[in-house]
Amino acid sequence: ENYYGSGTFDFGERVLVHLAYDISEENSKDALNLLKLNQEFNPKSSFNQWAMGQLYLSTGDTTQAITEYKRALELDPKNRRAKRGLEALGVKTE
């Protein structure tokens, strides 16, 4: 899709994930809310699920990080980032 004119913004899936990362440096709760909103609009986004796992991991919630990484793999079994995230936490992926 194309966005034209001043005051427009690309609210695409990847843009919102990167925005959430920028926000997470100051406020992880707001970043998580943004990723949850992104999930509502992009329910099949393995990338967003992986990003949620990363955010949970950064806040010390390894249980929820594992859940999100697993969801990412359910959506895209080839998601290498999610596989590496699980393996780093001692969870076998195959």
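Report follows, based on the coordinates. (Residues numbered from 1 in each chain as written. Predicted model: local features only at pLDDT ≥ 70, side-chain atom pairs only at ≥ 80, totals over all residues. Heavy atoms only, no water.)

### Focus: helix α2 (residues 28-41)
What sets the pattern is the α-helix's 3.6 residues per turn: residues three or four places apart point alike.
Stage number 1. Between its first and last C-alpha, α2 extends 20 Å over 14 residues, near the 20 Å set by a 1.5 Å rise per residue.
Stage number 2. Within the sequence span of α2, burial applies to Ala31, Leu32, Leu34, Leu35 and Asn38. Projected down its long axis, α2 shows its buried positions confined to an angular sector of 160 degrees, all on one face. Facing away from the buried side of α2, by more than 90 degrees, are the exposed residues Lys29 and Glu40.
Stage number 3. The N-terminus of α2 is capped by asparagine 27, whose side-chain oxygen sits 3.1 Å from the backbone nitrogen of lysine 29. (Helix = DSSP H or I, 4+ residues; strand = E, 2+ residues; numbered from the N terminus. Expected span 1.5 Å × (residues − 1). Buried < 20%, exposed > 50% of the residue type's maximum accessible area, 1.4 Å probe, protein only. Arc of directions from axis to C-beta. Polar contact = N/O pair within 3.5 Å; in protein donor to acceptor, adjacent residues only side chain to side chain.)

### Comments concerning the nonpolar core
Stage number 1. By size, the foremost hydrophobic cluster in this structure holds 20 residues, and its most contacted members are Leu35, Trp50, Tyr69 and Ala82.
Stage number 2. When contributions to this core are tallied by element, the ones reaching two or more residues are α1 (13-24), α2, α3 (46-58), α4 (62-75) and α5 (80-88).
Stage number 3. When near neighbours in sequence (up to four residues on either side) are disregarded, tyrosine 69 contacts Trp50, Gly53, Gln54, Leu57, Ala82, Gly85, Leu86 and Leu89. (Core = buried A, V, L, I, M, F, W, Y, C linked by side-chain atoms within 4.5 Å. Contact = heavy atoms within 4.5 Å.)

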